[in-house]
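Each chain, written out:
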Amino acid sequence: MWSGPAAVLAAAALLISGCSGSDKGSSSSAAPAATTAPAPSTNSQLEQEYQQVISQVLPSVVQITAGDSLGSGIVFDDKGDIVTNAHVIGTAQSFTVTLANSTKPLDATLVGSYPQSDLAVIRLSSPPNGLKPATFADSSKVAVGQVTLAMGSPLGLSSSVTEGIVSAVGRTVTEPQSPGSPGATIGNMVQTSAAINPGNSGGALVNLSSQVIGINTLTAVDPELGGSAAPGIGFAIPAVTVNSIATQLIKDGKVTNSGRAGLGVTVRPFFDANFQPAGAAIVSVTSGGPAASAGLQAGDVITKVNDTTITSPSVLTSALASFSPGDKVTVGYQRDGKNQTADVTLGSL
């Protein structure tokens, strides 16, 4: 099970308690002379790197309010375009944005949304001078062990930063369905140990070169903890995907090349004689598409992609998310009760 740190309904309040001591007695002896404690041992160079990255990138991270919900976003260009998660904005068309260096909310409107990859772009109605776009990294070079900083507005605490490492790459993750998210399956996600909390969605996952390597999107949940967030397991959409989708939304208002692999079929659930999920039944095949070119037809039931057993349309979507357009796969299917296979060169979703 997975849970995205999507919009939160109210900003958090911090309760700060202080401690005070009282003199319970007096002593005739003189107080010992004060001594200076040695400076704590720290890696000052690493501290300076952190502070430099934060000062360079945090001005590019904003807080987004969409109705009663709250999330984060990243300044994409100097024209006022801001990229965020589609589940942050939901079905809203207008928003308020608060920059990191300001408390004045700015109006913004929707440019375009692509829920299939959980990305959207909004645009400031009156972009201020000095707007600072973020720099996006080549996320294909992200490696396990790299230090990362997650920036955003967790629980409404704007301009917050948490620290961790890249703990895995190439993860395929399915989001839970919600009013603002169709339950997208996203491949090649960056896994990080940096804390990601509600309100962080749409914020920046950053390397020590002050580059955005991904957009913070969701966290894992632990069923043994009642479905609460599993500590230290968060996921970010890779920068290469963010760049591609955002650029298309800004240019055309829609996405024509998702960069994701597709078979060119419409499918529905298929159940066996015991009413158990047993495949993805093809309802229609795109003429000239990958499946049609490989000989697949409406009525066929897809049961395998390479070594992955397909029991439902969602499993098929997850299996395809780990491939890219142009990859070749072997699709196992049933036709008239007989098992067959077809070699398919995947197209674009």
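Just so it is clear, the structure is predicted and the values come from calculations on it, not from any experiment.

Chemist: I keep staring at the pattern of salt bridges and nothing clicks. Help me out?
Modeler: Close approach of charged atoms allows side chains of opposite charge to pair. Under the defined criterion, the tally for this structure stands at 2 salt bridges. Its salt-bridge partner being Arg-335, residue Asp-300 comes within 2.8 Å of it at the nearest N-O pair. Of the two residues, Asp-300 is situated in the loop between α4 (290-293) and β17 (301-305) and Arg-335 in strand β19 (residues 328-335); the sequence distance between them amounts to 35 residues. The two residues Asp-300 and Arg-335 agree in class, both being buried.

Chemist: Quick question: what am I supposed to make of the layout of surface pockets here?
Modeler: A water-sized probe, rolled over the atoms, reveals where empty space remains. Counted as a void, the largest pocket has a volume near 580 Å³. Residue lining of the largest pocket: 29 residues in total, with Arg-260, Pro-313, Thr-317, Leu-320 and Leu-349 positioned closest to the centre. Among the secondary structure elements, those contributing two or more residues to the lining of the largest pocket are β14 (261-262), β15 (265-271), α5 (313-321) and β21 (347-348). Classifying every residue of the lining of the largest pocket by side-chain character gives 13 nonpolar, 14 polar and 2 charged.

Chemist: Looking at this structure, how should I read the environment of Gln-334?
Modeler: When you line up the elements, Gln-334 lands in strand β19. A relative accessible area of 28% places Gln-334 in the partly exposed class. When the C-alpha positions of Gln-334 and Thr-303 are compared, they lie 7.2 Å apart, and in sequence the two are 31 residues distant. For Gln-334, the residues in contact, after removing those within four places along its chain, are Gly-299, Asp-300, Val-301, Thr-303 and Asn-339.

Chemist: Explanation requested: the side chain of Thr-185 in the structure shown.
Modeler: In this structure, Thr-185 sits in strand β10 (residues 185-192). Once you skip the residues sitting within four places of it in the chain, Thr-185 turns out to touch Gln-116, Thr-172, Val-173, Thr-174, Arg-260, Thr-317, Ser-318 and Ala-321.

Chemist: Would you take a moment to explain helix α3 (residues 239-252) for this structure?
Modeler: Since the α-helix packs 3.6 residues into each turn, any two residues three or four apart lie on the same face. An ideal rise of 1.5 Å per residue puts 20 Å on 14 residues; α3 measures up with 20 Å between its terminal C-alpha atoms. Among all positions of α3, only Ala-239, Thr-241, Val-242, Ile-245, Ala-246, Gln-248 and Leu-249 are buried. Summarising the contacts, the buried residues of α3 are in contact with β4 (81-84), β6 (106-114), β7 (119-124), β12 (212-222) and β13 (228-238). Phi for Gly-253, located one or two positions after α3, is positive at around 75°.

Chemist: So what exactly am I meant to see when it comes to the pairing of β6 here?
Modeler: Moving residue by residue along a regular strand, the side chains alternate between the two faces of the sheet. Taken together, the 4 bridges between strand β5 (residues 94-98) and β6 define a ladder with antiparallel strand orientation. Within β6, the residue paired with Thr-96 across the bridge is Asp-107. Relative to β7, β6 runs antiparallel, the two being bridged by 6 bridges. Paired with Ala-108 across the two strands is Leu-124, which belongs to β7. Count of turn residues in the β6/β7 antiparallel hairpin: 4 residues, of which Asp-118 carries a positive phi of about 55°.

Chemist: Can you walk me through the sheet that holds β7 in this structure?
Modeler: Strand pairing in a sheet is mediated by backbone hydrogen bonds. Such pairs are either parallel or antiparallel. Spatially, 6 strands are ordered β2-β3-β4-β7-β6-β5 in a closed barrel, and the strand pairing comes out antiparallel. Each adjacent strand pair in this sheet contributes to an overall mean axis angle of 40°, direction not counted. Two strands pair when backbone bridges link them, and strand β2 (residues 61-66) and β5 are joined in this way by 3 bridges, in the antiparallel orientation. In the strand pairing of β5, Gln-63 is matched with Thr-98. In this fold α3 packs onto β4, β6 and β7, with an angle of close to 50° to the strand it touches most, β7.

Analysis parameters
Residues numbered from 1 in each chain as written. Predicted model: local features only at pLDDT ≥ 70, side-chain atom pairs only at ≥ 80, totals over all residues. Heavy atoms only, no water. Salt bridge = Lys/Arg side-chain N within 4 Å of Asp/Glu carboxyl O. Helix = DSSP H or I, 4+ residues; strand = E, 2+ residues; numbered from the N terminus. Buried < 20%, exposed > 50% of the residue type's maximum accessible area, 1.4 Å probe, protein only. 1 Å grid on protein atoms, 1.4 Å probe; cavity = no way out; pocket = protein on both sides within 12 Å on 5 of 7 lines; lining within 4 Å. Points joined across faces, edges and corners; volume = space filled by probe spheres on them. Nonpolar A, V, L, I, M, F, W, Y, C, P; charged D, E, K, R; others polar. Contact = heavy atoms within 4.5 Å. Expected span 1.5 Å × (residues − 1). Pairing = 2+ DSSP bridges. Axes fitted to C-alpha atoms, helices over the stretch in contact; angles between N-to-C directions.

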